[in-house]
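# Structure assessment
Below, each chain spelled out in residue letters.
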Amino acid sequence: MSPIFRLIAAALIAAGVAAAGFFVSNGLERFRMADRSVTVKGLAEKDVESDFAVWTLSFRRAGAEFNGVQQALVGDREKVLAFLSERGFAAEEMQVRPLQVQDLLAREYAQGNVPFRFNGTGQVLVRTSRVAVVEKAALALDPLIQAGVQLGSEGQAGGPRYQLRGFNDAKAPLLAQATRNAREQAEKFAAEAGAKLGPLKSANQGVIRITGDDGNDFDDGSSRGKRLRVVSTFEYELR
């Protein structure tokens, strides 16, 4: 092939790739001349607030005497409950978990050089729809620390976990937005192609993805704000 023909062929290929990129970026996924149909994707995003919070306040103690560790945990539990009551939480929003004290020397393969023979933990669980109150209280734990409560437990992430229990209420408007977006893209393409948009042939709503508003690509529950995102696929006839 002569150099001039190679240049012409390369230019045509580049133009085709550029056109394909233009249509894909504008929501067009596939255009088929054989059966005169167009497949488009509709995008919808929405920022929402969590509507429920679960907050586990864990505390721990260690010591050489079983009774000493147990009594210290009882005192810590009372301090945690008093703190939560002062923050406005009702009794029905708080759940007390049983205390646990472990004898480290009673375990299989126990070693005798442990600094403290007994380790104990306790938990108070807060479950409420008042997420703003939980968020504010979680940022004001200094009084508990100053009172000597050792917050946190091994293997457990700290802080409240925020949930979106009204997901189904947000789902319908989000899918409707994705549907409108896809149809707008399809109508725009049909007009540019000199055709008319026909009826819907098939649809796939896609998976609604929930992420936090902290920049993570997933929702680990630590973020009060949530972002909902869905990409739906639709195929329309062209006339």
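Attention now goes to the overall build of the protein chain. The helix and strand inventory of the protein chain stands at five helices and 10 strands. Scored against the burial criterion, the 239 residues of the protein chain give a buried share of 32%. Considering only contacts in the protein chain between residues 6 or more positions apart, those separated by 24 or more positions represent 76%.

Secondary-structure assignment places Thr-211 in strand 9 (residues 209–212). Excluding its chain neighbours within four sequence positions, the residues that come into contact with Thr-211 are Asn-216, Asp-217, Phe-218, Asp-219, Gly-225, Lys-226 and Arg-227.

Turning our attention to the confidence of the model for the protein chain. Mean pLDDT for the protein chain: 85, with 83% of residues reaching 70 or above. Mean pLDDT values over the elements of the protein chain span from 39, in helix 1 (residues 3–25), up to 98, in strand 4 (residues 94–96). Counted against residues more than four places away or in other chains, residues 1–25, with its pLDDT under 50, gives four contacts.

For the rest of this paragraph, the subject is the packing of aromatic side chains. As enumerated under the stated definition, the model contains one aromatic pair in all. Each ring, one from Phe-66 and one from Phe-118, has its centre 5.9 Å from the other, and the planes form 80°; the classification is edge-to-face. Here Phe-118 lies in strand 6 (residues 118–128) and Phe-66 lies in helix 2 (residues 66–86), a separation of 52 residues in the sequence. When the ring centre of Phe-52 is taken as origin, the NZ or CZ atom of Arg-165, which lies over that ring, is 3.7 Å away.

Moving on: the nonpolar core. By size, the foremost hydrophobic cluster in this structure holds 22 residues, and its most contacted members are Trp-55, Leu-57, Val-80, Leu-84, Phe-89 and Val-126. Elements with a contribution of two residues or more to this core: strand 3 (52–63), helix 2, strand 6 and helix 3 (131–138). In terms of residue count, the dominant contributor to this core is helix 2 (six residues). Here Phe-89 is in contact with Trp-55, Leu-84, Met-94, Val-126, Thr-128, Arg-130, Val-133, Val-134 and Ala-137, once residues within four sequence places are set aside. Within the second largest apolar cluster, 11 residues are counted, among which are Val-40, Ala-195, Tyr-236 and Leu-238.

Taking 1.5 Å of rise per residue, 21 residues should cover 30 Å, and helix 2 covers 31 Å from first to last C-alpha, within 8% of that figure. Those residues of helix 2 that fall on the buried side of the exposure criterion are Val-69, Leu-73, Asp-76, Arg-77, Val-80, Leu-81, Phe-83 and Leu-84. Seen from one end, helix 2 has its buried residues packed into an arc of 155°, which puts them on one side. Exposed and facing more than 90 degrees away from the buried side of helix 2 are Asn-67, Gln-71 and Glu-86. Tucked inside the fold, the buried residues of helix 2 contact strand 3, strand 4, strand 5 (100–103), strand 6, helix 3 and helix 4 (142–146).

Moving on: the pairing of strand 3. Across three bridges, the pairing between strand 3 and strand 7 (residues 161–163) is antiparallel. Considered in strand 7, the bridge of Ala-53 is made with Tyr-162. Pairing of strand 3 with strand 6, which is carried by 11 bridges, proceeds in the antiparallel orientation. Looking across to strand 6, one finds that Leu-57 is bridged to Val-124.

Further remarks concern the environment of Gly-206. Within the secondary structure layout, Gly-206 lies in the loop between strand 8 (197–204) and strand 9. With residues near it in sequence (within four places) discarded, Gly-206 still touches Val-230, Val-231 and Ser-232.

Tracing the chain through its elements places Ser-223 in the loop between strand 9 and strand 10 (225–238). What makes Ser-223 buried here is its relative accessible area of 5%. A distance of 2.3 Å separates polar atoms of two side chains, one belonging to Ser-223 and the other to Asp-213. Those residues in contact with Ser-223 that sit more than four places away from it in its chain are Ser-50, Tyr-162, Gly-212, Asp-213 and Asp-214.

Turning next to the pairing of strand 10. As a general feature of sheets, a regular strand has side chains that alternate between the two faces. Most of strand 10 sits out of view: 10 of its 14 residues are buried. Here strand 8 pairs with strand 10 via five bridges, running antiparallel. What sits directly across from Leu-197, in strand 10, is Leu-238. Sheet topology places strand 9 next to strand 10; four bridges connect them, and they run antiparallel. In the sheet register, Gly-212 faces strand 10, and the bridge partner there is Lys-226.

Definitions and limits used
- Residues numbered from 1 in each chain as written.
- Predicted model: local features only at pLDDT ≥ 70, side-chain atom pairs only at ≥ 80, totals over all residues.
- Heavy atoms only, no water.
- Helix = DSSP H or I, 4+ residues; strand = E, 2+ residues; numbered from the N terminus.
- Buried < 20%, exposed > 50% of the residue type's maximum accessible area, 1.4 Å probe, protein only.
- Contact = heavy atoms within 4.5 Å.
- pLDDT = per-residue confidence, 0-100.
- Phe/Tyr/Trp six-rings, centres within 6.5 Å; stacked < 30°, edge-to-face > 60°.
- Lys NZ or Arg CZ within 6 Å of the ring centre and 35° of its normal.
- Core = buried A, V, L, I, M, F, W, Y, C linked by side-chain atoms within 4.5 Å.
- Expected span 1.5 Å × (residues − 1).
- Arc of directions from axis to C-beta.
- Pairing = 2+ DSSP bridges.
- Polar contact = N/O pair within 3.5 Å; in protein donor to acceptor, adjacent residues only side chain to side chain.

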